[in-house]
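Fold and contact review
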Number of protein chains: 6
Amino acid sequence: MTYLKNRTMRSAVAESVLTVSPAVIERIQAGTVPKGDPLEVARVAGVMAAKRTSDIIPFCHPVPIEYIKIEHNIAADRITLTATVKGIYRTGMEMEAMTAAAVAALTVYDMLKMLDDDMEILSVRLLKKQGGKSDFKDAFSVPPTRLLKPCVRLSSAKSRASLKPFALMVRSELRMQCSHALLPDCAEAL
Amino acid sequence: MTYLKNRTMRSAVAESVLTVSPAVIERIQAGTVPKGDPLEVARVAGVMAAKRTSDIIPFCHPVPIEYIKIEHNIAADRITLTATVKGIYRTGMEMEAMTAAAVAALTVYDMLKMLDDDMEILSVRLLKKQGGKSDFKDAFSVPPTRLLKPCVRLSSAKSRASLKPFALMVRSELRMQCSHALLPDCAEAL
Amino acid sequence: MTYLKNRTMRSAVAESVLTVSPAVIERIQAGTVPKGDPLEVARVAGVMAAKRTSDIIPFCHPVPIEYIKIEHNIAADRITLTATVKGIYRTGMEMEAMTAAAVAALTVYDMLKMLDDDMEILSVRLLKKQGGKSDFKDAFSVPPTRLLKPCVRLSSAKSRASLKPFALMVRSELRMQCSHALLPDCAEAL
Amino acid sequence: MTYLKNRTMRSAVAESVLTVSPAVIERIQAGTVPKGDPLEVARVAGVMAAKRTSDIIPFCHPVPIEYIKIEHNIAADRITLTATVKGIYRTGMEMEAMTAAAVAALTVYDMLKMLDDDMEILSVRLLKKQGGKSDFKDAFSVPPTRLLKPCVRLSSAKSRASLKPFALMVRSELRMQCSHALLPDCAEAL
Amino acid sequence: MTYLKNRTMRSAVAESVLTVSPAVIERIQAGTVPKGDPLEVARVAGVMAAKRTSDIIPFCHPVPIEYIKIEHNIAADRITLTATVKGIYRTGMEMEAMTAAAVAALTVYDMLKMLDDDMEILSVRLLKKQGGKSDFKDAFSVPPTRLLKPCVRLSSAKSRASLKPFALMVRSELRMQCSHALLPDCAEAL
Amino acid sequence: MTYLKNRTMRSAVAESVLTVSPAVIERIQAGTVPKGDPLEVARVAGVMAAKRTSDIIPFCHPVPIEYIKIEHNIAADRITLTATVKGIYRTGMEMEAMTAAAVAALTVYDMLKMLDDDMEILSVRLLKKQGGKSDFKDAFSVPPTRLLKPCVRLSSAKSRASLKPFALMVRSELRMQCSHALLPDCAEAL
């Protein structure tokens, strides 16, 4: 169940590709699309869609997004839109990235459809995701139940009993909330 | 400008294609996907997304949708989702159909991603749109300014002046609101 | 299909009933509920929910609401909330009224739950709906195909052909858009 | 009541003014604001807010918006944002224009707040509204009840009775739906 | 105030009951309802409504939902819908469960209203809630201020001062964020 | 980057000012505004807008709001609306307070516009914000890297290695999540 998973820094990158006729690509680059710059509007639409993903996709978990970036690349006959989403949570951010990439492409489509009635979204796919259980295999090679032992060992036998509730809580925190402790920037700080 | 266009019955059909591994396709057909039937959930998600299109795509016009249908086709290694959207309005329904098809595919993706981490949305594209100006060329071969003439001719010279505001209004109605009079089912009724 | 139905003035009235302990009813009447007057907040919540019904209920048609009223009645141990919704359209407003009544009751529940942990919504039901086909049976006892006859008869044989497109349009308008002509206030005006 | 008002072309223009330090104004003009061009993002935000006005302002009527434009003017120490909203309806568009102008200013504020912690929205106000009852005083100097007389007079006594339902409907349409017949572009067409 | 309450695992179960005529119940079971399976659509609608509760109920706190389940039970003349909502937070999930149950019932109503015009939602009520202060009385019988004592006692007098900020922080965490440490599954792990 | 900032208790207070004619102010105070008490409706609208800020302002971060209060002050010719928003997070709550104040003023405007067509929102501005980095300068005068030293020093050389992952995690938590430990009410408790 989701609420027993580790809270870790998660990131996901998704990409959408839209075919556009070379003549219209030139108009984008010349800045002469009537409704404005479709790539800038797509950036805004993608960011807003990422934030609203769990409201659009029925069984998608609401997640605390911390970072969203929509980038684009223009080729002679196509536009590639890339969405990067990050957050610290128990589940991944791939649906947020996929939805942002898809909505960014739909927005470009909407702004260009009066100029080009032959566009097609050729692909919406996940490029990368990071931060789930599999990425922390090594970090947890010291089994979690071992981590608290030293802490408890330090205390006298007498105080051990009273320490137990404390250890119990820290233990739980470790498993539930602290995995981002393993991020590189924290390691350096020690 | 949009508000000078004819109000006609418009329809649009868009399609999205999602690659899914044969093993997962079998699970869908066997009804053993853990979160439920992804195609039925996608149908609901697509309908809701169509209704919310102008809230998701920044410069998309809000339109009074009258009809939405999401259908699917399952092949050995892919799922095709088709969205049909209809309504009587001055602008087309293609963004509603495109958004519904895209969101339906994202919903299937979301429900299967724990079983298959290699899916890709291969295409989101418009299959058909009907009801815009070009579809009514013949209907308007009698130029609209001619249509009211007989009506005015019927009246005496004296009453013509007082008829003018009425004619003016009907005239405007004709151009602005009545084009769906040209739908086949109405023609039969006469 | 919805888009072939008549556009008429539609109205619907729905009611919800919430049981509340007499002690808390007294606090509402004394104006000492900590978060403010739950009935006024419920009124606002009900109006907003009516406007958002098609966004909450998956297959509910978006309708152009013209009028919403949320009223309440306080008894010794219960609160009754009544939602009236009106609009001119091809489909009824009952889901809007039902949703408004339900959300109004949930809002009162939310504001009182710290004072009373034994409330229950006892009923959400439709009290009345008006304006659909069945309400216009008499109005259309002159079959609609007859209505235009006199108009066409007035014209000469020669002009009849050119009148046809006009008649066709008015005919369609009559069937599709004008049924609210039969509202009492219009009849008086003639 | 709203549903008895005339459907006319309505437009509203609202304006918001945001004070910004000259140093930050220069950064906007130099294109060096870290999050992108705040005026382009404000344009998108304003358009989206206009479409969602009835969902944000509790008792605001949902209206079929046909046209939204967000413009800006940059002075040495302030930014003025102007929102124009148009549509054909029974009620005005001023809340849509006011909300769009306010949200556009809030969006600029949000994007600049890391650079300038002393901004203030100095004004949000309506500049102009057109299309309501008062704008059509002259057009209706011929009282609406007179308009249909000639039409009825044309028919023989015998056909008058059968014409009545038709006249009744057209009459109602005239009062309820057709006032935009008085728009200049339609007048010319006759 | 909410932000001083403990973050604990909370769950709530609510139930709604809808009367439906036996003939229509049979159609649901036979799978012949025109718009599809109302119970599956209600499941999707309930899940989406739970996630949007704080957007529908004015003073309802936004909460990080981790788990939602909508179940149904069909009797001869009624349908019972049960919503279970869970999350780790400082406030309960009862409004989310109540809203999900109510919206699921409204959705079934909407899909069946063309077949049965005599349905009524008979009840929306909370069946169970867990995880608030009252459920943790025993867990906190060791007063929280005592918990940190052993930790501080371990340190030398000299280091005690420097430990204080650390203890202060852990102390706060204990009271504010860690109560779910007391969940059974964590206790076992020690 | 946002996700490296401290999670602290943040609060923001914003204010909007709306000019209203003295005659209409009197009607508000006499309770004779046709649509109800505009100040109570504005309170509800402001609270709902605060919760939806990141959905309205494109690049505004979604934040876990814990507390919202909308207050008003009526003078002879103006209404002042004050929004206070609080929450424990890595970023401030100023956009939530600004948006709530602006929407509250727009709501009053909407409810009074039929009585007064000369209102203007004179100001929307931030009065106060608390809880960011600058407010904790003193708290962190003991550099964070020093805080964990004593803890590690207590352990024997042998156990130090095994303690490291634990210390690493607590260290990260300290920097990332615990700054609200420095709130006055916690300090007293020790």
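Bear in mind the structure is a predicted one, so any value in this text is a computation, not a measurement.

Glancing now at the overall build of chain A. If you tally the helices and strands in chain A, you get eight helices and four strands. Listed by position from the N terminus, the elements making up chain A come as β-α-α-α-β-β-α-β-α-α-α-α. Per-residue burial over chain A gives 59% buried out of 190 residues. When the accessible surface of chain A is totalled, it reaches about 7500 Å², and 52% of it is carbon and sulfur.

So, on to the interface of chain C and chain E. The interface of chain C with chain E comprises 29 residues on the first partner and 29 residues on the second. Between chain C and chain E the total buried area reaches about 2600 Å² when both faces are included, carbon and sulfur atoms providing 68% of it. Put simply, chain C and chain E have two salt bridges between them. Here E:Arg52 and C:Asp55 are joined by a salt bridge, their closest N and O atoms 3.1 Å apart. Sorting the residues of the side of chain C that touches chain E by element identifies helix H2 (38–51), helix H3 (53–56), helix H4 (94–112) and strand S4 (120–130) of chain C as the ones contributing at least two each. Per-element accounting of the side of chain C that touches chain E gives the leading share, eleven residues, to H4(C). Here the residues of the side of chain C that touches chain E are counted per class, giving 18 nonpolar, three polar and eight charged. Inspection of the sheet shows S4(C) paired to strand S4 (residues 120–130) of chain E by two bridges, in the antiparallel sense. Bridging from a neighbouring strand, C:Val124 pairs with E:Ile121 of S4(E).

Residue and element names in this part refer to chain F. If you check which residues of helix H1 (residues 22–30) are buried, you get Val24, Ile25 and Ile28. Along H1, the residues classed as buried sweep out an arc of 105° about the axis, all on the same side. Exposed side chains of H1 directed beyond 90 degrees from the buried face belong to Ala23, Glu26, Gln29 and Ala30. Looking at the buried residues of H1, the elements they touch are helix H2 (38–51), strand S2 (67–74), strand S3 (78–89) and helix H4 (94–112). Positive backbone phi, approximately 70°, marks Gly31, located one or two places after H1.

With that out of the way, let us pick up the relation of the copies chain C and chain E. With an axial shift of 0.0 Å and an RMSD of 0.0 Å, the rotation relating chain C to chain E amounts to 180°. One copy is carried onto the other by what is essentially a two-fold rotation axis. Take the interface residues of chain C: 100% of them recur as interface residues in chain E, which is what a same-surface contact looks like.

Moving on: the packing of aromatic side chains. Aromatic ring pairs are described here by two measures, namely the spacing of the ring centres and the angle between the planes. Counted by the stated rule, this structure contains zero aromatic pairs over all chains. In this structure, D:Lys86 packs its charged tip against the face of D:Tyr67, placed 4.8 Å from the ring centre.

Attention shifts here to the pattern of salt bridges. Within this structure, the stated rule accounts for 45 salt bridges over all chains. As a salt-bridge pair, A:Asp77 and A:Arg78 come within 3.3 Å of each other at their nearest N and O atoms. Accessibility expressed as a relative area gives 30% for A:Arg78, which makes it partly exposed. In this structure, E:Lys69 and E:Glu71 form a salt bridge, with 4.0 Å as the shortest nitrogen-oxygen distance. Among the residues examined, E:Glu71 registers a relative accessible area of 37% and is labelled partly exposed. Taken together, the shared-partner salt bridges in this structure form one network comprising A:Arg52, B:Asp55, D:Arg52 and F:Asp55.

With respect to the helices and strands, A:Arg43 occurs in helix H2 (residues 38–51). Side-chain polar atoms of A:Arg43 contact the side chain of A:Glu40, separated by 2.9 Å. Discounting chain neighbours no more than four positions away, the residues touching A:Arg43 are A:Ile70, D:Lys35, D:Gly36, D:Asp37, D:Val41 and F:Phe59.

So, on to the sheet that holds strand S3 (residues 78–89) of chain E. Strand pairing within a sheet occurs via backbone hydrogen bonds; the two strands may be parallel or antiparallel. What the eight strands build is an open sheet, ordered S2(C)-S3(C)-S1(C)-S4(C)-S4(E)-S1(E)-S3(E)-S2(E); its pairing is antiparallel. Bordering the open sheet on either side are strand S2 (65–74) of chain C together with strand S2 (65–74) of chain E, each of which pairs with just one other strand. Pairwise comparison of adjacent strand axes, ignoring direction, gives a mean angle of 15° for this sheet. One ladder, built from nine bridges, connects S2(E) with S3(E); its direction is antiparallel. Within S3(E), the position partnered with E:Ile70 by the bridge is E:Ala83.

The next thing to look at is the confidence of the model for chain A. The share of residues in chain A with pLDDT of 70 or more is 66%, and the mean pLDDT across the chain is 75. Between residues 135–190 of chain A, whose pLDDT stays under 50, and residues either more than four places distant or in other chains, the model counts 120 contacts.

If you trace the backbone, F:Asp55 turns up in helix H3 (residues 53–56). Sequence spacing of F:Asp55 and F:Leu18 is 37 residues, and the spatial spacing of their C-alpha atoms is 25 Å. In contact with F:Asp55, not counting residues within four places along its chain, are A:Met48, A:Arg52 and D:Arg52. Among the polar contacts listed, one links the side chain of F:Asp55 to the side chain of A:Arg52, at a separation of 2.9 Å.

A few words on the packing of helix H4 (residues 94–112) of chain D against H4(F). Two measures define how a pair of helices packs: the angle their axes make with one another and the distance between the axes. At their nearest, the axes of H4(D) and H4(F) sit 11 Å apart, and the two run at 165° to each other. Between H4(D) and H4(F), the crossing angle belongs to the class labelled roughly antiparallel. With respect to the hand of their crossing, H4(D) and H4(F) are arranged in right-handed fashion. Residue-level inspection shows D:Met95, D:Met98, D:Thr99, D:Ala102, D:Leu106, D:Tyr109 and D:Asp110 of H4(D) in contact with H4(F), the latter providing F:Met95, F:Met98, F:Thr99, F:Ala102, F:Leu106, F:Tyr109 and F:Asp110. Classifying every residue of the contact of H4(D) with H4(F) by side-chain character gives ten nonpolar, two polar and two charged.

What follows covers the pairing of strand S4 (residues 120–130) of chain A. Looking down a regular strand, the side chains alternate between one sheet face and the other. Pairing between strand S1 (residues 8–19) of chain A and S4(A): nine bridges, direction antiparallel. Paired with A:Ala14 across the bridge in S4(A) is A:Leu126.

Our next topic: the sheet that holds S1(A). Read across the open sheet, the eight strands follow the order S2(A)-S3(A)-S1(A)-S4(A)-S4(B)-S1(B)-S3(B)-S2(B); overall the sheet is antiparallel. If you trace the sheet from one side to the other, it starts and ends with strand S2 (67–74) of chain A together with strand S2 (65–74) of chain B, each paired once. In this sheet, neighbouring strand axes are inclined to one another by 15° on average, regardless of whether the strands run parallel or antiparallel. Direction of pairing for strand S1 (residues 8–19) of chain B relative to strand S3 (residues 78–89) of chain B: antiparallel, over a ladder of twelve bridges. Bridge pairing links B:Val17 to B:Thr80 in S3(B). Where helix H2 (residues 38–51) of chain B meets the sheet, its contacts fall on S2 and S3 of chain B, and the angle it forms with S2(B) comes to roughly 150°.

This part takes up helix H2 (residues 38–51) of chain E. Residue and element names in this part refer to chain E. With 14 residues, H2 extends 20 Å between its outermost C-alpha atoms, agreeing within 8% with the 20 Å of an ideal straight helix rising 1.5 Å per residue. Counted residue by residue, H2 has 14 buried out of 14 residues, so it is predominantly covered. Among the residues of H2, the N-terminal cap falls to Asp37, whose side-chain oxygen and the backbone nitrogen of Leu39 are separated by 3.0 Å.

Right, let's get into the environment of D:Cys60. Checked against the element boundaries, D:Cys60 lands in the loop between helix H3 (53–56) and strand S2 (65–74). Remark: the alpha-carbon pair of D:Cys60 and D:Met95, spanning 35 residues in sequence, is separated by 7.4 Å.

All right, on to the side chain of D:Thr53 then. Residue and element names in this part refer to chain D. If you trace the backbone, Thr53 turns up in helix H3. You can call Thr53 buried: its relative accessible area is 0%. Those residues in contact with Thr53 that lie beyond four places of it in its chain are Cys60, Met95, Glu96 and Thr99.

All right, on to the environment of B:Ile121 then. The residue B:Ile121 is located in strand S4 (residues 120–130) in this model. Relative accessible area serves as the criterion here: at 2%, B:Ile121 is assigned to the buried category. When the C-alpha atoms of B:Ile121 and B:Asp55 are compared, they prove to be 23 Å apart, with 66 residues separating the residues in sequence. Residues in contact with B:Ile121, not counting those within four places in the same chain, are A:Met98, A:Leu122, A:Ser123, A:Val124, B:Val17, B:Leu18, B:Ala105 and B:Leu106.

Rules and cut-offs
- Residues numbered from 1 in each chain as written.
- Chains lettered and ligands numbered in written order.
- Predicted model: local features only at pLDDT ≥ 70, side-chain atom pairs only at ≥ 80, totals over all residues.
- Heavy atoms only, no water.
- Helix = DSSP H or I, 4+ residues; strand = E, 2+ residues; numbered from the N terminus.
- Buried < 20%, exposed > 50% of the residue type's maximum accessible area, 1.4 Å probe, protein only.
- Areas by Shrake-Rupley, 256 points an atom, 1.4 Å probe, with all protein chains shown as cover.
- Contact = heavy atoms within 4.5 Å.
- Buried area = accessible area lost by both parts, 1.4 Å probe.
- Salt bridge = Lys/Arg side-chain N within 4 Å of Asp/Glu carboxyl O.
- Nonpolar A, V, L, I, M, F, W, Y, C, P; charged D, E, K, R; others polar.
- Pairing = 2+ DSSP bridges.
- Arc of directions from axis to C-beta.
- Least-squares fit on C-alpha atoms with pLDDT ≥ 70 in both.
- Phe/Tyr/Trp six-rings, centres within 6.5 Å; stacked < 30°, edge-to-face > 60°.
- Lys NZ or Arg CZ within 6 Å of the ring centre and 35° of its normal.
- Polar contact = N/O pair within 3.5 Å; in protein donor to acceptor, adjacent residues only side chain to side chain.
- Axes fitted to C-alpha atoms, helices over the stretch in contact; angles between N-to-C directions.
- pLDDT = per-residue confidence, 0-100.
- Parallel < 35°, antiparallel > 145°, perpendicular 65-115°, else oblique.
- Left-handed = near helix turned anticlockwise from the far one by under 90°.
- Expected span 1.5 Å × (residues − 1).

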